[in-house]
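Structural overview for review
Below, each chain spelled out in residue letters.
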Amino acid sequence: MKKIVVFTGAGISAESGIKTFRDADGLWEEYKISEVATPEAWYKNPAMVQDFYNKRRKQVMEALPNKAHYALAELEKHFDVQIITQNIDDLHERAGSKNVLHLHGEIMKARSSTYEKLIYPVKNGIISMGDKCEKGFQLRPHVVWFGEEVPNMEIAYKMVSKADIFIIIGTSLSVYPAAGLIYYTPKKSKVYLIDPQGKNIDTIENLEIIKEKAGTGVPALVEHLINSKKTTSRL
Ligand code: NAD
């Protein structure tokens with residue numbers, strides 16, 4: 001069975017009402033990265049950082065998966081699909097995708113600010129100052145901040161290097177090391193990029209750019225891939 005690796009960014013959740021980072025009305029128009037999404041911010045003003053992520057979590061809980069998330073869950077019924085996401089929301093999982101690797105963490109989880117392997121679900125949507133891990137240290141959002149290591153990169157590189165088809169959706173490809181994943185695609189693989197602002201990537205040979213929103217572009221591509229599989233298996 002063909003292996004399809006899907007690499008998603010904030011753009012896939014935009015039509016669910018979750019703001020991206022860099023679009024004109026994106027989050028960084030309202031906040032400074034350095035004040036809410038860095039370890040320095042946490043040391044300086046943990047309550048403000050906690051509040052920022054509590055608001056983001058509320059937004060995620062109110063959002064619903066869109067047609068793009070559901071189409072990818074459908075794709076899993078026909079191919080060996082692995083999703084690698086830069087998103088911290090849980091919309092892929094809620095749409096039914098089973099194989100999801102989060103590069104930048106998961107907002108619906110909390111982790112110990114000292115023991116990073118101690119991770120807990122956030123039950124009522126809020127992490128408060130004073131909420132502690134079992135060893136007595138403050139809980140923080142289970143997200144990767146700018147300047148922190150991305151622990152899942154090595155496993156993601158391996159996944160991408162085995163892809164027959166690589167699909168990139170809704171990412172400006174500007175946050176590293178995650179954006180560097182695309183260079184691990186095998187030369188023979190077919191690569192699709194779905195993003196209204198999709199730009200050419202010189203080093204990738206078999207690249208097809210689909211300048212559409214995820215909500216229309218992804219279901220159309222999924223339908224095409226499923227139909228092509230049916231046609232080839234009939235030959
Ligand atoms: P980004 O904000 O840098 O880029 C967003 C991309 O999405 C742009 O290229 C834009 O053209 C595209 N886009 C906008 N609307 C779209 C649509 N309807 N369909 C398809 N594409 C659309 O986001 P990024 O590249 O993911 O990178 C940055 C960081 O943003 C990641 O680290 C991620 O953790 C974080 N982030 C996550 C969420 C989330 O979890 N939903 C939300 C905001 C930011």
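Bear in mind that the values here come from a model prediction, so they are computed numbers and not experimental data.

Description of the site of the ligand
Of all residues adjacent to the ligand, which total 27 residues, the nearest are Gln86, His104, Thr171, Ser172 and Asp195. Ile88 is positioned with one of its backbone polar atoms (N or O) 2.8 Å from an oxygen atom of the ligand. Measuring from an oxygen atom of the ligand, one finds a backbone N or O atom of Gly170 at 3.3 Å. A total of 850 Å² of accessible area belongs to the ligand in isolation, and the protein chains cover 94% of it. Tallied by class, residues from the shell around the ligand come to nine nonpolar, eleven polar and seven charged. Each of domain 1 (1-17 + 65-104 + 150-235) and domain 2 (19-62 + 112-143) accounts for three or more of the residues forming the shell around the ligand.

Some words on the layout of surface pockets
Sizing a probe to match a water molecule and rolling it over the atoms shows the empty space that remains. In this structure, the second largest pocket spans a volume of roughly 530 Å³. As for the second largest pocket, its lining consists of 23 residues, of which Arg111, Glu116, His142, Val144 and Pro151 are closest to the centre. Taken together, the elements giving at least two residues each to the lining of the second largest pocket come down to α2 (39-44), β4 (105-112) and β6 (139-143). In terms of residues, the lining of the second largest pocket owes the most to one element, β4, which gives four residues. Considering only residue class, the lining of the second largest pocket consists of nine nonpolar, seven polar and seven charged. Inspection of the lining of the second largest pocket shows a minimum of three residues originating in each of domain 1 (1-17 + 65-104 + 150-235) and domain 2 (19-62 + 112-143).

Some thoughts on the environment of Ile167
Structurally, Ile167 is set in strand β7 (residues 165-169). The buried category is assigned to Ile167, whose relative accessible area is 2%. Placed 103 residues apart in sequence, Ile167 and Leu64 show a C-alpha to C-alpha distance of 22 Å. Beyond its immediate chain neighbours, meaning those up to four positions away, Ile167 contacts Ile4, Val5, Val6, Phe7, Leu75, Tyr192, Leu221 and Leu225.

Describing the packing of aromatic side chains
Throughout the structure, instances matching the rule amount to six aromatic pairs. Consider the rings of Phe52 and Tyr53, whose centres lie 4.9 Å apart with planes at 90 degrees: the pair is edge-to-face. Considered together, Phe52 and Tyr53 belong to a single accessibility category, that of buried residues. Geometrically, the ring pair formed by Tyr53 and Trp145 is tilted, given 6.4 Å between the ring centres and 45 degrees between the ring planes. Of this pair, Tyr53 sits in helix α3 (residues 46-62) while Trp145 sits in the loop between β6 and α6 (153-160); the two residues are 92 residues apart in sequence, bridging distant segments of the chain. When sorted by exposure, Tyr53 lands in the same class as Trp145, which is buried. An aromatic cluster is built from Trp42, Phe52, Tyr53 and Trp145, whose rings are joined through pairwise contacts. It is Lys135 that lies over the ring of Tyr115; its NZ or CZ is 5.2 Å from the centre. For the cation-ring pair, Arg140 lies above Trp145, with the distance from its terminal atom to the ring centre recorded as 3.7 Å.

Parameters at a glance
- Residues numbered from 1 in each chain as written.
- Predicted model: local features only at pLDDT ≥ 70, side-chain atom pairs only at ≥ 80, totals over all residues.
- Heavy atoms only, no water.
- Near = heavy atom within 4 Å.
- Polar contact = N/O pair within 3.5 Å; in protein donor to acceptor, adjacent residues only side chain to side chain.
- Areas by Shrake-Rupley, 256 points an atom, 1.4 Å probe, with all protein chains shown as cover.
- Nonpolar A, V, L, I, M, F, W, Y, C, P; charged D, E, K, R; others polar.
- Domains from an automatic or database assignment.
- 1 Å grid on protein atoms, 1.4 Å probe; cavity = no way out; pocket = protein on both sides within 12 Å on 5 of 7 lines; lining within 4 Å.
- Points joined across faces, edges and corners; volume = space filled by probe spheres on them.
- Helix = DSSP H or I, 4+ residues; strand = E, 2+ residues; numbered from the N terminus.
- Buried < 20%, exposed > 50% of the residue type's maximum accessible area, 1.4 Å probe, protein only.
- Contact = heavy atoms within 4.5 Å.
- Phe/Tyr/Trp six-rings, centres within 6.5 Å; stacked < 30°, edge-to-face > 60°.
- Lys NZ or Arg CZ within 6 Å of the ring centre and 35° of its normal.

Bear in mind that shape data such as this cannot, by itself, settle questions of function.
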